[in-house]
Amino acid sequence: MSSSFIKFFPTFKQSERNRFFSFLLVVTLAGNVIILLLGYFLKDIIAARYVDTAPDYINYLSITAIIIIANSLFELFFSYSRSIMKVIFPSFLRDVYLRLGSLLLVIGFAFEWWSFDMAVTGLGLVYFLAFILLLIQLLIRHNFSFDFRFGNLSKEWRGRLFRFGTYSMALAGSFAIINNISYDQITSQLGSDLNGIYTTCFFIAVIVEMPRRNMSKVTSPVLSNEFAKQNMNEVDSLYKRGSITMSVIGMLLFIGIITNLQDLFDFIPKGEAFQRGFWVVVAVCLAKLALMASSFAGEIINFSHLYRYNLFFQAFAAIMLIVLNYYLISIWGLNGAAISYLVAIVFHILLKVLFVNYHFGIQPLIPAHLPLLVIGVVVATVAYFFQPGFHPAIDILIRSVLTSVFFIFLIYRFRISEDINKIIHSTFDRFLKINLPK
């Protein structure tokens with residue numbers, strides 16, 4: 001539903017947009033009812049899958065239900081914020097508040113401030129509160145209102161919505177498989193302890209992709225508008241600028257994570273156990289870096305008349321990941337899951353980039369990507385062998401600062417990204433009152 005709202009938002013008049021959104025809200029609530037009923041009737045099948053490796057999970061299906069409802073409503077209202085270009089607060093809720101709330105619940109359980117049951121219950125409340133806060137912000141700050149007069153929505157629109165919504169649901173399902181199936185397969189094959197290591201290492205690596213999520217939130221409505229106007233020159237410009245800018249940011253984060261990873265393991269509790277996930281971090285970081293370089297290939301397909309192919313590519317990648325996990329986890333354990341994820345994601349990215357190039361004659365790479373790669377290798381090598389020799393936390397701080405300064409200087413000096421150079425000029429001019437040469 002959230003994807004449907006973003007896609008069709010530009011085609012509705014201002015007076016019709018809240019009515020369209022309210023219709024999607026009713027459909028979303030109806031979908032939640034169906035999902036909850038399925039969960040209730042299939043709970044014995046769900047319990048049987050985890051009876052050997054995670055038998056307690058079935059006790060928390062009610063919390064899963066709360067998170068499903070809260071998250072689906074949050075994503076729908078988030079799509080409204082994205083469409084009106086107001087993404088700062090909802091992005092904070094999703095990227096900071098939810099993670100920080102989850103972290104505090106785990107820390108509180110670790111220090112025995114509350115029980116495990118209370119921590120899991122708190123997780124449901126954290127998600128539900130995120131939705132409530134976003135709803136309040138839209139009602140107060142952006143004059144949002146509901147309009148349930150659906151009679152004015154034509155059957156033609158409802159048909160288009162049903163077709164695209166069905167596609168989006170299948171796309172979201174395959175996306176969920178790609179991002180979560182490894183947890184399920186590792187738990188069922190290796191146990192919940194190793195899944196805990198994989199999950200933690202996976203989320204460390206996901207940091208590389210974080211900037212893309214925010215850029216996509218801002219760029220998706222723009223791409224939707226440009227496709228509506230058939231302005232492919234602007235689409236091509238956004239595609240290339242997004243690729244080089246996100247590649248620079250992703251490369252810096254990749255270097256920072258990989259070169260500081262050993263110190264991080266030395267610093268955190270039970271770090272020796274998490275060291276088993278070293279190659280998980282590396283593989284997932286590489287996959288996310290490739291995703292950053294691919295720019296908005298998926299979004300371009302999604303907002304074109306060929307949007308259904310996105311589902312085919314993603315479903316193929318999901319099936320590939322399941323099959324690879326089945327064989328490689330049994331052979332190489334956690335590293336097998338990491339290799340499976342890297343191969344499936346890179347193959348998925350190549351399919352989308354080649355498809356966009358074939359049908360629209362545009363591709364994300366520019367000559368500046370080559371010197372960026374050289375700069376990345378040089379900086380990563382220097383940072384990896386630079387060992388200050390202090391406490392791991394201090395080493396991380398020193399290495400991160402020096403690496404960032406060195407990397408950003410080289411990016412600026414060789415003019416890798418004009419957008420990043422403009423940001424640097426603006427920062428120096430505004431805060432340091434220094435006019436850098438252009």
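Just so we're clear, the structure is a prediction, and the values are computed from it rather than from any experiment. (Residues numbered from 1 in each chain as written. Predicted model: local features only at pLDDT ≥ 70, side-chain atom pairs only at ≥ 80, totals over all residues. Heavy atoms only, no water.)

Draft legend 1. Looking closely at the overall build of the protein. Across its full length, the protein holds 18 helices and 0 strands. In terms of overall size, the protein behaves like a compact globule, its C-alpha atoms giving a radius of gyration of 23 Å where 438 residues would be expected to give roughly 22 Å. In terms of overall dimensions, the protein has C-alpha extents of about 70 × 60 × 45 Å along its principal axes. Sorting the 438 residues of the protein into buried and exposed places 45% on the buried side. For the protein, the computed accessible surface area is about 22,900 Å², with 69% contributed by carbon and sulfur atoms. Both charge centroids of the protein, one from 34 positive and one from 24 negative side chains, sit 12 Å from each other. (Helix = DSSP H or I, 4+ residues; strand = E, 2+ residues; numbered from the N terminus. Rg over C-alpha atoms; globule rule 2.2 N^0.38 Å. Buried < 20%, exposed > 50% of the residue type's maximum accessible area, 1.4 Å probe, protein only. Areas by Shrake-Rupley, 256 points an atom, 1.4 Å probe, with all protein chains shown as cover. Lys, Arg positive; Asp, Glu negative; His and termini not counted. Charge placed at Lys NZ, Arg CZ, Asp CG, Glu CD.)

Draft legend 2. Layout of helix α16 (residues 369-385). Relative to the 24 Å expected for 17 residues at 1.5 Å per residue, α16 spans 25 Å between its end C-alpha atoms, a close match to the ideal helical length. Listed in full, the buried residues belonging to α16 are His369, Leu372, Ile375, Gly376, Val379 and Ala383. One side of α16 holds all its buried residues, which, seen down the axis, span an arc of 110°. Projecting away from the buried face of α16 at angles above 90 degrees are the exposed residues Leu370 and Phe385. Looking at the buried side of α16, the elements it contacts are α10 (232-267) and α17 (392-413). (Expected span 1.5 Å × (residues − 1). Arc of directions from axis to C-beta. Contact = heavy atoms within 4.5 Å.)

Draft legend 3. Local environment of the pattern of salt bridges. With the rule as written, the count across this model stands at 9 salt bridges. Across the pair Glu209 and Arg213 runs a salt bridge whose closest N-O atoms are separated by 3.5 Å. The class for Glu209 is buried, based on a relative accessible area of 9%. What makes Arg213 partly exposed here is its relative accessible area of 25%. With its nearest N and O atoms 3.1 Å apart, the salt bridge here joins Asp419 to Arg241. With Asp419 in helix α18 (residues 418-431) and Arg241 in helix α10, this residue pair connects regions lying 178 residues apart in the sequence. Overall, Asp419 belongs to the partly exposed group, its relative accessible area being 22%. A single salt-bridge network, built from bridges that share partners, covers Glu209, Arg213 and Lys288. (Salt bridge = Lys/Arg side-chain N within 4 Å of Asp/Glu carboxyl O.)

Draft legend 4. Representation of unusual backbone geometry within the structure. Despite not being glycine, Glu112 has its phi angle at roughly 60°, a positive value. Positionally, Glu112 belongs in the loop between α5 (88-110) and α6 (116-141). By relative accessible area, Glu112 is classed as exposed at 71%. The phi dihedral of Ser295 is positive, around 60°, even though this residue is not glycine.

Draft legend 5. Quick look at the state of the cysteines. Summed over the entire model, instances satisfying the criterion amount to 0 disulfides. Here Cys201 is not disulfide-linked; the sulfur of Cys285 is the nearest cysteine sulfur, at 10 Å. Since its relative accessible area comes to 0%, Cys285 is described here as buried. (Disulfide = S-S within 2.5 Å.)

Draft legend 6. Molecular detail of a nonpolar patch on the surface. Taken together, Val33, Ile34, Leu37, Leu38, Tyr40, Phe41, Leu42 and Ile45 make up a surface patch of nonpolar side chains, about 860 Å² in accessible area. A total of 6 residues in the nonpolar patch trace back to one element, the largest contributor, which is helix α2 (residues 14-41). Locating Ile45 in the fold gives a position in helix α3 (residues 43-49). (Patch = residues over 30% accessible without salt bridge, like charges linked within 9 Å, V, L, I, M, F, W, Y side chains within 5 Å.)

Draft legend 7. A look at the side chain of Asp95. Relative to the assigned elements, Asp95 resides in helix α5. Look at Asp95 and you get buried, because its relative accessible area is 15%. With residues near it in sequence (within four places) discarded, Asp95 still touches Asn214 and Lys217.

Draft legend 8. Spotlight on the environment of Gly250. By the secondary structure assignment, Gly250 is in helix α10. With sequence-adjacent residues up to four places away left out, Gly250 is seen in contact with Val208, Leu289 and Met292.

Draft legend 9. The arrangement of the packing of aromatic side chains in detail. All chains considered together, the criterion is met by 23 aromatic pairs. Considering the side-chain rings of Phe109 and Phe116, the 5.4 Å spacing of their centres and the 65° angle between planes classify their relative orientation as edge-to-face. With a centroid separation of 5.1 Å and an interplanar angle of 90°, the aromatic rings of Phe278 and Trp279 are classed as edge-to-face. Following the ring pairs from residue to residue traces out a cluster consisting of Tyr309, Phe312, Phe313, Phe316, Phe347 and Phe355. The ring of Phe414 carries Arg413 above its face, with NZ or CZ at 5.9 Å from the centroid. (Phe/Tyr/Trp six-rings, centres within 6.5 Å; stacked < 30°, edge-to-face > 60°. Lys NZ or Arg CZ within 6 Å of the ring centre and 35° of its normal.)

Draft legend 10. Quick look at the packing of helix α7 (residues 155-190) against helix α8 (residues 192-205). At a minimum axis distance of 7 Å, the contact between α7 and α8 shows a crossing angle of 155°. As judged from the angle between their axes, α7 and α8 are roughly antiparallel. Here the hand of the crossing between α7 and α8 comes out right-handed. Residues Ser182, Tyr183, Ile186, Thr187 and Leu190 of α7 pack against Ser192, Leu194, Asn195, Tyr198, Thr199, Phe202 and Phe203 of α8. Looking at the contact of α7 with α8, its residues break down into 7 nonpolar, 5 polar and no charged. (Axes fitted to C-alpha atoms, helices over the stretch in contact; angles between N-to-C directions. Parallel < 35°, antiparallel > 145°, perpendicular 65-115°, else oblique. Left-handed = near helix turned anticlockwise from the far one by under 90°. Nonpolar A, V, L, I, M, F, W, Y, C, P; charged D, E, K, R; others polar.)

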